[in-house]
Amino acid sequence: MLSLNETKAGEDYTVKWMTGMPETMDYIRSCKVSEGEDVHVISRIFGGVIVGVKNRRILISDDAARRIKV
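We now turn to the structure provided with this report. (Residues numbered from 1 in each chain as written. Predicted model: local features only at pLDDT ≥ 70, side-chain atom pairs only at ≥ 80, totals over all residues. Heavy atoms only, no water.)

This brings us to the pairing of strand 5 (residues 56-61). Relative to strand 5, strand 4 (residues 48-53) is paired through six bridges, and the arrangement is antiparallel. Within strand 5, the residue paired with G48 across the bridge is S61. (Pairing = 2+ DSSP bridges. Helix = DSSP H or I, 4+ residues; strand = E, 2+ residues; numbered from the N terminus.)

The next point concerns unusual backbone geometry. With phi around 50 degrees, K54 is a residue other than glycine that occupies positive phi space. The residue K54 is located in the loop between strand 4 and strand 5 in this model. Judged by its relative accessible area of 52%, K54 is exposed. Even without being a glycine, N55 presents a positive backbone phi close to 60 degrees. Along the chain, the position of N55 falls in the loop between strand 4 and strand 5. The exposure class of N55 is exposed, given its relative accessible area of 86%. (Buried < 20%, exposed > 50% of the residue type's maximum accessible area, 1.4 Å probe, protein only.)

Shown next as structure tokens:
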């Protein structure tokens, strides 16, 4: 199992579990990223990960990405 911030750009992953500050996790879930969802890692940038999920692109900070396991 990897953290989202350890993944490779261009690959697809399934979110296994997430943990973190409730406000942060609520926001991430409102962007349709949740347990069981498939995400496509579009790019890694300094300080974060850009993922695609359900026709949306979302920037997730490295701090939050460390708490998302795929």
